[in-house]
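Structural description and commentary
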Amino acid sequence: MSQIKKTRKEDRMTHEQQMRARIKDAAFKLMAEQGIENVSMRQIAEKVRVTKPVLYYYFKDKEDLCTSIIEDHVKNFDAFLETTLSKEPKMEDLLAQVFERHLDFFFDDPRNSKFIARTISYALSNKAKGFVKDGRDQMDRMHDVFGTAAARSNFPKEGLADFERLSRAVLLQIMLSSYVQMHLPEAAGKQEQFYDKTSVNRLARIIVLGIKEYYKGNKK
C-alpha cells in the first residue's frame, strides 16, 4: 500500500511539473510577442487549455509567472558559470565564454531577446507592482565568479570593478544588437555593428589586457 501511495505521489509531482512547464512555455511565447502588460491570465489559460483556477493553483499572477520564467534562465546560467569556473579558465577565456553564452542564448531562440526587452520595459513602467527584481542576485553571482577567476590569475584586484562595468556594458549591447538584428532589420544598419563569436572573443581579450595594462604600476 505504501508503495502505491508513493507511486501516486510521484505521478502527481510529475504531472504538476509538466503542467508548470506547459504554462510557462505558453506565457513566455505570449509575453514575448505581446508584452507582459498586454497578456492576461485568461489568455494564458486559453493557450494551455486549462481553467483560470488551475492556472492560479500554480501561479498567483502573471508577474509570479514571469518571475518563474526568468528564474529558470538564471538557474541555467548559474549552472553554466559553475561548470566553466570549475575548469579554472584564464580571465579572458572566462569572459569570452560568458559573452558567447549570451550570444547563443539570444540567437538560439529569437524570442529570448523579445522577452527580455519586454520584461525590462515592463519593470520600468508604473504598471509593475513588486515585480522589479533588478538582477542583483545574478550580478552578485557573476561578481563572485569573476573574483575567483581574478584571484587565480595575474589580474589586478583594483581593476575588477572596471572589468565588471565594461563586461556588463558589452552584455547589454549584445542583447540590444541581437534584438535589432532579428526583429528590426530595417533599422539594423551595417552588419559590422553586430556581434559574433569572433568579435566577442576579441572584446574579452581587449578588456582584460587593457585593464591589466592600465593598472600596471598601481594606477588609480
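Structure: above.
Residues numbered from 1 in each chain as written. Predicted model: local features only at pLDDT ≥ 70, side-chain atom pairs only at ≥ 80, totals over all residues. Heavy atoms only, no water.

1. Section: the overall build of the protein chain
The following threshold applies: The secondary structure listing takes helices from DSSP runs of H or I that are at least 4 residues long and strands from runs of E that are at least 2 residues long, numbered from the N terminus. Partly exposed residues are those whose accessible area sits between 20% and 50% of the maximum for their type, while under 20% is buried and over 50% is exposed, using a 1.4 Å probe and protein chains only. For this analysis, residues touch if any pair of their heavy atoms sits within 4.5 Å.
Of regular secondary structure, the protein chain possesses 9 helices and 0 strands. When its helices and strands are written in sequence order, the protein chain yields α-α-α-α-α-α-α-α-α. The 220 residues of the protein chain split such that 38% are buried. For the protein chain, long-range pairs separated by at least 24 residues make up 73% of all intrachain contacts whose partners lie at least 6 apart in sequence.

2. Concerning the nonpolar core
Nonpolar side chains in soluble globular proteins tend to end up buried together. Heads up, the condition is: Take the buried Ala, Val, Leu, Ile, Met, Phe, Trp, Tyr and Cys residues and link them wherever side-chain atoms come within 4.5 Å; each set so joined is a nonpolar core.
Counting 31 residues, the largest nonpolar core has Met91, Val98, Phe99, Phe146, Phe155, Phe163 and Ile174 as its most contacted members. At the level of secondary structure, the elements contributing two or more residues to this core comprise helix H4 (62-86), helix H5 (91-108), helix H7 (136-152), helix H8 (160-183) and helix H9 (197-214). Per-element tally for this core: the top contributor is H5, with 8 residues. Setting aside its immediate chain neighbours within four residues, Phe163 contacts Met91, Leu95, Phe146, Phe155, Ile207, Val208 and Ile211. Listed in part, the 23 residues of the second largest apolar core include Met19, Met31, Leu55 and Phe115.

3. Side note on unusual backbone geometry
Even without being a glycine, Arg49 presents a positive backbone phi close to 65 degrees. Inspection of the secondary structure assignment puts Arg49 in the loop between helix H2 (41-48) and helix H3 (52-58). Overall, Arg49 belongs to the exposed group, its relative accessible area being 77%. We note that Glu88 has phi near 50 degrees; this positive angle belongs to a residue other than glycine. Along the chain, the position of Glu88 falls in the loop between H4 and H5. Under the relative-accessibility criterion, Glu88 is labelled exposed at 56%.

4. With respect to the environment of Arg111
Along the chain, the position of Arg111 falls in helix H6 (residues 111-124). Taking the C-alpha atoms as reference points, Arg111 and Met182, separated by 71 residues in sequence, lie 9.4 Å from one another. Apart from the residues within four sequence positions on either side, Arg111 is in contact with Phe28, Lys29, Ala32 and Glu33.

5. Considerations on the environment of His143
Examined against the element boundaries, His143 turns out to sit in helix H7. By relative accessible area, His143 is classed as partly exposed at 37%.

6. Here's the deal with the packing of aromatic side chains
This is how the line gets drawn: Only the six-membered ring of Trp is used, alongside the rings of Phe and Tyr, when aromatic pairs are assigned; centres must lie within 6.5 Å, and planes under 30 degrees apart are stacked while those over 60 apart are edge-to-face, with the rest tilted.
In the structure shown here, the tally under the stated rule is 7 aromatic pairs. Here Phe105 and Phe106 contribute two aromatic rings whose centre-to-centre distance is 5.1 Å and whose plane-to-plane angle is 70 degrees, an arrangement assigned as edge-to-face. With a relative accessible area of 23%, Phe105 lands in the partly exposed category. Between the aromatic rings of Phe155 and Phe163, the centroid separation amounts to 5.5 Å while the plane-to-plane angle is 75 degrees, which identifies the pairing as edge-to-face. Accessibility classification places Phe155 together with Phe163 in one group, the buried group. Counting every residue linked through ring pairs, the aromatic cluster contains Phe146, Phe155 and Phe163.

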